[in-house]
Amino acid sequence: MIRSLGLAVTLFILWLLLSGIYNPLTITLGLISSGFVAWIAHRMDLTDHEGFPIHLSWRAITYWPWLLWEIVKANVDVTRIIIKKDMPISPTLFRITANQKSQVGQVTFANSITLTPGTVSIAVGEGMIDVHALTTEAADDLAAGRMDRRVCELEGTKSKDLDGGAT
């Protein structure tokens, strides 16, 4: 029930921020609709540990700014490649170890890889992610394991493999 309440509060805050309308009637309707959606999700048994991972909330406060900075750096790198006349790309397909313990952690890792320009997660499997990188530098950066460790910290586990485990 606490997850359903957390979902209702999260939905209401998001709704309030996106609507920008702060009169009593609209706020009341927003509260009712957020509560109704959370009740439906609870009845459908969607507010479980993975459906609404509230346990990641506090650690996400440090993860999201770090990920946004990584996205900015990757955008700059891809922009440099595009602007250069000789297009110094070296497409690389490789497999990297995902040390996360849960499916939410592995999906977060795969999505974080895909969010950074120049890299795309192709497949996620039992502790492995197949990745396509635009350059060998982007592949080497992922193989270094920094992102893997950050997602493990977000998940609340320790990364076993210090070098990222690229094969």
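Residues numbered from 1 in each chain as written. Predicted model: local features only at pLDDT ≥ 70, side-chain atom pairs only at ≥ 80, totals over all residues. Heavy atoms only, no water.

**Q** Any chance you could explain the sheet that holds strand E1 (residues 92-97) here in plain terms?
**A** In a beta sheet, neighbouring strands are held together by backbone hydrogen bonds and run either parallel or antiparallel to one another. Strand order in the open sheet formed by 3 strands is E1-E3-E2, and the pairing between neighbours is antiparallel. Each edge of the sheet is formed by a strand with only one pairing partner; in this case those strands are E1 and strand E2 (119-125). Each strand of the sheet is rotated relative to its neighbour by a mean of 25°, with strand direction disregarded. Two strands pair when backbone bridges link them, and E2 and strand E3 (residues 128-133) are joined in this way by 6 bridges, in the antiparallel orientation. When the bridges of E3 are listed, threonine 119 appears paired with alanine 133. Taken strand by strand, helix H5 (residues 136-143) contacts E1, E2 and E3, and its axis lies near 5° from that of E1. (Pairing = 2+ DSSP bridges. Helix = DSSP H or I, 4+ residues; strand = E, 2+ residues; numbered from the N terminus. Axes fitted to C-alpha atoms, helices over the stretch in contact; angles between N-to-C directions. Contact = heavy atoms within 4.5 Å.)

**Q** Is there a simple way to explain helix H6 (residues 146-155) in this structure?
**A** In an α-helix, one turn spans 3.6 residues; hence positions three or four apart end up facing the same way. Among the residues of H6, those classed as buried are Met147, Asp148, Val151, Cys152, Leu154 and Glu155. Taken down its axis, H6 places every buried residue within 155° of arc, on the same side. A positive phi of about 95° marks glycine 156, the residue just after H6. (Buried < 20%, exposed > 50% of the residue type's maximum accessible area, 1.4 Å probe, protein only. Arc of directions from axis to C-beta.)

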